[in-house]
Structure formats: structure tokens, C-alpha cells
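# Structural overview for review
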Amino acid sequence: MPAVTIPPVPHYEAAPATKEDLDWADFPIIDLLKAKTPEGRAELAPVVRDAMRTYGFLYVVNHGLTQAQNDRMVDIADVPFTQVPEEEQKQFTSKIKEVGSYRGYKPRQFWTIDNGVKDQIEHYNMHRPIFQQQHPKALQPFLPEIRSFVEHNHYNVLHPILRLLALGLELPEEAFVNLHNFDAQGETYVRFMKYYSRTEDDETKTKNVWMKGHTDIGTISILWSQPVTALQIMSPDGKWRYVKHIPNGLIVNAGDSMEMLSGGLYKATIHRVFQPPADQRGHTRLGLFYFSYTDDDVKLVPFAESPVLQRVGISRKCADEDAPTMGDWRIARTKVYGLSETEKKDNVVEEQVISGLVVRHYN
């Protein structure tokens with residue numbers, strides 16, 4: 001039987017890890033291998049619950065892919081940006097403002113960061129089935145691998161985390177899993193995202209912020225850890241702290257939709273992208289993400305039957321009858337992020353009202 005061959009891909013040379021002594025965020029590391037047994041899930045569930053309640057973030061290791069497999073996906077992630085001509089990229093531009101979808105390319109200088117400065121971030125987004133979407137020619141040989149990567153994120157990372165979150169609320173294990181059906185109508189997607197260096201003038205005008213403090217739209221976001229130190233979270237004490245790189249690790253956080261479903265127990269923590277430390281400047285920052293959403297028709301109301309929520313109370317963003325569906329919420333948020341006016345409340349906080357809910361951005 002002939003050996004299976006994989007197409008060659010140019011190597012992406014990532015920046016070396018920073019050697020600077022930084023103020024690091026401190027949240028738990030979850031060994032996902034333990035989640036394979038009922039005993040392991042019982043051990044992990046309270047740790048995950050407390051991490052998501054306190055920080056909204058956690059690290060994940062032993063997720064099932066090797067460092068070599070991770071490295072190859074990073075190489076593939078660079079293909080849309082280095083191997084696709086600019087004119088061809090324009091044929092696949094996302095219809096963000098028109099329909100509230102990130103599928104395809106978001107070009108650089110699309111969002112406004114601050115003081116008239118536009119972003120230097122581009123990303124390419126693929127809806128989870130992968131093959132139902134048209135893609136640039138250079139990326140097509142890698143679609144089977146990307147599909148496998150998506151399935152790994154969905155079934156081997158997202159589902160175990162959702163089960164632990166359900167157990168943390170003393171709900172049936174599949175309570176959240178049942179809302180995240182792979183083939184249902186929805187917008188869960190994998191994103192390849194590349195950040196580029198900016199001018200000193202832009203850094204001054206934005207106070208070194210590359211992407212304003214925000215919360216994610218969906219339920220769970222999965223970032224494959226990469227070495228350029230730029231992600232910061234707002235810690236419980238109100239201070240910005242850097243998220244540390246863990247080789248072949250994952251950074252997992254809750255989004256607005258999970259906060260709503262969990263009655264406020266699991267926090268959609270504010271995070272931002274900041275200028276990297278001096279020993280990493282001049283390098284691009286290439287990231288792989290899996291942004292998960294429930295099925296579009298799910299109404300974002302708390303699991304009021306949770307014994308935990310019945311004991312500690314439910315925090316709602318709005319009355320249940322006014323709660324948006326996942327589809328309505330993601331479209332509304334996507335259409336306006338970085339594109340519409342916000343109201344400045346002070347030197348740090350800006351607000352928007354979207355679908356009747358207040359959304360805050362932080363400088």
C-alpha cells in the first residue's frame with residue numbers, strides 16, 4: 001500500500017520566547033488527559049469551575065497533538081498570508097459589515113484602535129465544515145489537514161472542557177455539549193491570525209495597545225499558545241497581566257455567551273493585545289484559534305436548573321425574555337466591533353449598546 005504523502009509547506013520562523021521578567025497572570029494548568037475518566041473529570045471539574053469563575057481563563061496541556069503536529073499547523077496557518085497574492089485575497093474578503101460574518105479574510109487597517117490609528121492585524125477565518133467554503137488556491141492542498149485540526153479542537157478539546165464546565169454547575173455532563181453540534185447552523189470557526197509591527201507614532205497614539213480590551217462573543221475560545229508575548233488579561237485586582245507561553249499548550253477562555261448561559265458564574269474576562277516586549281519586537285505574531293459558538297437558535301439564558309446557581313444566585317445581563325439567540329448576538333457583535341462609535345465613560349472604559357446589552361471596551 002503506498003505511503004500517504006502530505007504536501008510541503010514553507011516553514012514559519014516564530015520569534016524566540018521572551019527573556020524579560022514580566023508580570024504574569026496566574027491561572028491553573030488543566031491536564032486534559034485526566035478528563036478521559038469519570039474520576040479525572042470529578043477531580044478537574046471544581047478546578048475548572050473556580051478558574052472560570054475567578055479568572056475566566058485557564059491553560060490546557062496534554063490535549064492530544066504533538067509539538068510536531070502543532071508546528072506543522074503553524075506553518076499551514078501562514079499560507080493565507082504569504083502564499084496568496086493580494087488580488088486573490090480580495091476575492092475572499094469577509095462580509096463583516098454586510099452580514100456579520102468573519103468567513104474569509106479580514107484585511108489590515110480595517111478596525112480603528114484609537115486616535116485614528118487602524119489595526120495591523122489580518123486573519124483568515126474558516127467555518128468549521130471547511131469544505132463548504134471556497135478557499136484560495138494555495139490553501140486548498142491543506143484543507144484535509146485543517147478539517148482534521150478543526151475536528152480535534154471540537155471533539156478532543158472543546159467537548160471535554162464543556163463537560164467539565166457542566167459538571168462545575170452540577171448539570172448533566174452533556175448539557176453544554178448538546179448546544180454545540182458540529183453540523184448545526186452556526187458560526188464556530190478556526191482562525192489564522194497574524195499581527196504585524198507598527199510605527200512608533202502609532203504606538204504612541206494607541207498607548208501601545210494593539211487590540212483594545214474586550215470580551216469574546218462566543219462560549220469558549222481556544223488559542224494555541226505561541227511565543228510572542230502580547231496577550232494580557234485584566235486580573236481580578238484590576239491590573240493588566242501577561243499570559244505566559246506554554247509550548248504545545250492551549251489558552252482557553254470563556255466568552256459572553258458562556259457567561260450568559262452560566263448565569264454569570266463563568267466570567268467573560270476582559271483581555272487585550274499589547275505591544276510585545278523589547279526582545280520580541282520586529283517579529284510577526286501568528287496565532288491559531290478555535291472560536292466556538294452554540295447552535296444559532298440557542299437562546300442565551302441561564303441554566304436556572306443548576307443546583308450551583310440556585311445556591312449562589314443568577315446574574316443576568318438582561319431579562320430572559322429579552323435575551324438574544326446565539327445567531328443574533330454574534331451577528332450584532334461582529335458587525336460593529338472596531339467599526340462603530342463607542343461612548344467614552346472615562347480614560348479607560350468605552351461602552352456600546354448592542355442588542356439591548358451593554359458591551360464595554362477597555363484601553
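Now for a quick tour of the structure. Note that the structure is predicted; figures quoted are calculated from it, not measured.

### Considering the sheet that holds strand 7 (residues 189–195)
Where strands meet in a sheet, backbone hydrogen bonds hold them as pairs that are either parallel or antiparallel. Ordered in space as 1-2-12-9-14-7-6-3, the 8 strands form an open sheet in which the pairing is mixed. What marks the edges here is a single partner per strand, and that holds for strand 1 (29–31) and strand 3 (104–106). On average, each strand axis in the sheet is tilted by 25° relative to the strand beside it, whichever way the strands run. Judged from the 3 bridges that link them, strand 3 and strand 6 (residues 121–127) form a sheet pairing that is antiparallel. Each bridged residue has a counterpart across the sheet, and for K106 the counterpart in strand 6 is H123. Along the sheet, helix 1 (residues 38–54) contacts strand 1, strand 2 (57–61), strand 9 (220–224) and strand 12 (250–254); its crossing angle with strand 2, the most-contacted strand, is approximately 140°. Along the sheet face, helix 6 (residues 143–168) touches strand 2, strand 6, strand 7, strand 9, strand 12 and strand 14 (285–292) and points at about 125° away from the line of strand 9.

### Points about the pairing of strand 14
Across the 8 residues of strand 14, 8 count as buried, placing the element largely inside the fold. Neither face of strand 14 is exposed, since R285, G287, F289 and F291 on one face and L286, L288, Y290 and S292 on the opposite face are all buried. Two elements, strand 7 and strand 14, share 7 bridges in a ladder whose sense is antiparallel. Counted as the bridge partner of K194 is L286 from strand 14. One ladder, built from 5 bridges, connects strand 9 with strand 14; its direction is antiparallel.

### Considering the side chain of R285
Along the polypeptide, R285 turns up in strand 14. Buried charge R285 goes without a salt bridge, the closest partner of opposite sign being D216 at 11 Å. Within the structure, the side chain of R285 is placed 3.4 Å from the backbone oxygen of V228, a separation counted as a polar contact. Setting aside its immediate chain neighbours within four residues, R285 contacts Y12, M193, K194, Y195, L223, Q226, V228, A230, L231 and V273.

About the criteria used
Residues numbered from 1 in each chain as written. Predicted model: local features only at pLDDT ≥ 70, side-chain atom pairs only at ≥ 80, totals over all residues. Heavy atoms only, no water. Pairing = 2+ DSSP bridges. Helix = DSSP H or I, 4+ residues; strand = E, 2+ residues; numbered from the N terminus. Axes fitted to C-alpha atoms, helices over the stretch in contact; angles between N-to-C directions. Contact = heavy atoms within 4.5 Å. Buried < 20%, exposed > 50% of the residue type's maximum accessible area, 1.4 Å probe, protein only. Lys, Arg positive; Asp, Glu negative; His and termini not counted. Salt bridge = Lys/Arg side-chain N within 4 Å of Asp/Glu carboxyl O. Polar contact = N/O pair within 3.5 Å; in protein donor to acceptor, adjacent residues only side chain to side chain.

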